[in-house]
Every structure is written in C-alpha cells, then in structure tokens.
Amino acid sequence: MKVPDFEAMYQADKDPWRVETSWYERRKLSVLLASLPRERYRRAWEPGCGPGLTTSALAERTDEVLATDVSETAVALAGERTRDLPGVHVLRSDLPAVPFEGTVDLVVVAEFLYYVPDLGGALDVLWSVCEPGGHLAVMHWAHHPDDAFRGGPGMHAQIRLDCVRRQARSVLSHVDEHFLLDVYESPR
C-alpha cells in the first residue's frame, strides 16, 4: 500500500478534501464540536490538522491548541488561518513523533488514521499524551478510502477494542452513513 503524498496533494490544491465548502465536512465539524463533553479544554492536540479549519474551531473552546500535520503546505495554510488566534501553535510533525512537552486534556484525530501503517503504535502515542480524565475524539469516513490501509468502520472497531484494553470509558459514539465519531475518556 502506497500512502498518498499529502504534500503534493496540498501543493496541487489548497483544499483537496473541500473542507471549506463541502456539506459533509461542515456537518462533521458541527457534530464533533457538539459532541465534546466539556465546554472548555485546557490544551488540545490535533494531529493531521490539514488547512486548520478544525483548529480554528477548537481555538474557541481551548486555552491552547497544538495542531500538527505531515505536510508543510498544510501547516502553512493552518498557520495563516489561525495566526490571529491566541494559544494556537501549528507545527510540522508526523506520528509517532510528539512535538511538544507535557500532556493535553483533548486529542482530536480526524480522517487520517486510515493512512498510518501501525494503528496500535499510533494509539499508544495518542494516549501517551492524554492526561487522566482527558478525551480522545476519533472521527473518520464510514467507508474505506481507496488509498488507505484500512477503512473507517473496521478501524473504529479496533479502536474500541483498544480502549476496552486501556480501560478508557466510551463517552459517545456517533454512526451514520457518512462518518463515525467516537469520544473516549482516559482512565483517571
């Protein structure tokens, strides 16, 4: 399986997934924000931030947002979008790297775990920075991208089993014909 070249995609099209204009993307973001259990978070990490649309929305509910992406172009777009928002830091980084010190009380992972070869290793990294009582939100397309290692439904089932093993509490599960959203709470 050859993972897409995300940098080339962003260089060819600043919005390759139409996150700014697609009803699917706008609806998905609205459902995500409405599903977060807390009104306010101290510190969030959004790996795979793309052009920063979700980052901007999280900035309204979080004291500090750490947004990362593997693509330099996506990082530049997200940085431009969020440059006037206090507490937002956008960096180029790829799992399994964690480009910051300390912990977060919210991790938002949307639409990229299909492309990570080692799902278990990625989950280890994501949970390693989530403080006790913190939330991990995972959201993906309800189908299997042609260029991905795995599809959304099977992957979310694997994540659910991983969370049982970790004794993470399921807070919310949203399943519809278009996308899946699961929110978990780290053991206290």
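In the block above lies the structure referred to throughout.
Residues numbered from 1 in each chain as written. Predicted model: local features only at pLDDT ≥ 70, side-chain atom pairs only at ≥ 80, totals over all residues. Heavy atoms only, no water.

Novice: Quick question: what am I supposed to make of the overall build of the protein here?
Specialist: Each helix and strand counted, the protein has six helices and seven strands in total. Taken from the N to the C terminus, the helices and strands of the protein come in the order α-α-β-α-β-α-β-β-α-β-α-β-β. Over its C-alpha trace the protein gives a radius of gyration of 15 Å, about what one expects of a compact globule, namely 16 Å for 188 residues. A principal-axis box enclosing the C-alpha atoms of the protein has dimensions of 40 × 40 × 30 Å. Every one of the 188 residues in the protein was classed for burial, and the buried ones make up 52%. A total accessible area of about 8,900 Å² is found for the protein, and carbon and sulfur atoms account for 54% of it. (Helix = DSSP H or I, 4+ residues; strand = E, 2+ residues; numbered from the N terminus. Rg over C-alpha atoms; globule rule 2.2 N^0.38 Å. Buried < 20%, exposed > 50% of the residue type's maximum accessible area, 1.4 Å probe, protein only. Areas by Shrake-Rupley, 256 points an atom, 1.4 Å probe, with all protein chains shown as cover.)

Novice: Even after reading the chapter, I still don't get helix α6 (residues 152-166), so can you show me in this structure?
Specialist: Every α-helix winds through 3.6 residues per turn, so residues three or four apart in the chain are directed the same way. With 15 residues, α6 should cover 21 Å at 1.5 Å per step; its first-to-last C-alpha distance of 21 Å lies within 8% of that length. Those residues of α6 that sit buried are Gly-152, Met-155, His-156, Ile-159, Asp-162 and Cys-163. On an axial view of α6, the arc spanned by its buried residues comes to 115 degrees, and they lie on one face. Of the exposed residues in α6, those oriented more than 90 degrees away from the buried face are Leu-161, Val-164 and Arg-165. Here the buried face of α6 lies against α5 (119-128), β5 (130-141) and β7 (179-185). Just downstream of α6 lies Gln-167, where phi reads positive at about 65 degrees. (Expected span 1.5 Å × (residues − 1). Arc of directions from axis to C-beta. Contact = heavy atoms within 4.5 Å.)

Novice: Is there a simple way to think about the layout of surface pockets in this case?
Specialist: Empty space among the atoms can be located by rolling a probe the size of a water molecule over them. Its volume calculated, the largest pocket comes out at about 920 Å³. As for the largest pocket, its lining consists of 43 residues, of which Trp-17, Gly-48, Ala-110, Glu-111 and Phe-112 are closest to the centre. Sorting the residues of the lining of the largest pocket by element identifies α1 (6-12), α2 (23-35), β1 (41-47), α3 (53-59), β2 (62-69), α5 and β5 as the ones contributing at least two each. Top element by residues in the lining of the largest pocket is α2. It accounts for five residues. Looking at side-chain class alone, the lining of the largest pocket contains 28 nonpolar, seven polar and eight charged residues. (1 Å grid on protein atoms, 1.4 Å probe; cavity = no way out; pocket = protein on both sides within 12 Å on 5 of 7 lines; lining within 4 Å. Points joined across faces, edges and corners; volume = space filled by probe spheres on them. Nonpolar A, V, L, I, M, F, W, Y, C, P; charged D, E, K, R; others polar.)

Novice: Would you mind going over the packing of α5 against α6 with me for this structure?
Specialist: How two helices sit against one another is set out by the angle between their axes and by the gap between those axes. It is the contact of α5 with α6, at a shortest axis distance of 11 Å, that shows an interaxial angle of 50 degrees. One element, α5, and the other, α6, form an angle in the oblique class. Where α5 crosses over α6, the two elements pack in a sense that is right-handed. The segment α5 lies against α6, with Leu-119, Gly-120, Leu-123, Asp-124 and Trp-127 engaging Met-155, Gln-158, Ile-159, Asp-162, Cys-163, Arg-165 and Arg-166. (Axes fitted to C-alpha atoms, helices over the stretch in contact; angles between N-to-C directions. Parallel < 35°, antiparallel > 145°, perpendicular 65-115°, else oblique. Left-handed = near helix turned anticlockwise from the far one by under 90°.)

Novice: Whenever I open this one, the pattern of salt bridges confuses me. Can you help?
Specialist: Pairs can form between side chains of opposite charge once their charged atoms are near each other. Considering all chains together, one arrives at 18 salt bridges under this definition. One salt bridge in this structure joins Arg-83 and Glu-80, with 2.0 Å as the shortest N-O distance. Taking the relative accessible area as the measure of exposure, Glu-80 reaches 47% and is therefore partly exposed. When the shortest N-O distance is used, the salt bridge between Arg-166 and Asp-124 registers 2.5 Å. Of the two residues, Arg-166 sits in helix α6 while Asp-124 sits in helix α5, which places them 42 residues apart along the sequence. Residue classification places Asp-124 among the partly exposed positions, given a relative accessible area of 41%. (Salt bridge = Lys/Arg side-chain N within 4 Å of Asp/Glu carboxyl O.)

Novice: What should I look at first to understand the nonpolar core in this one?
Specialist: Side chains that are nonpolar tend, in soluble globular proteins, to be buried together. Counting residues in each nonpolar core, the largest one holds 29 residues, and the members touching the most others are Trp-45, Val-107, Val-109, Leu-113, Leu-126, Trp-127 and Ile-159. With six residues, α5 is the largest single contributor of residues to this core. If we skip the residues at most four places from it in the chain, Leu-113 touches Leu-119, Ala-122, Leu-126, Val-138, His-140, Arg-150, Met-155 and Ile-159. By size, the runner-up hydrophobic cluster in this structure holds 23 residues, among which are Leu-32, Val-75, Val-108 and Phe-179. (Core = buried A, V, L, I, M, F, W, Y, C linked by side-chain atoms within 4.5 Å.)

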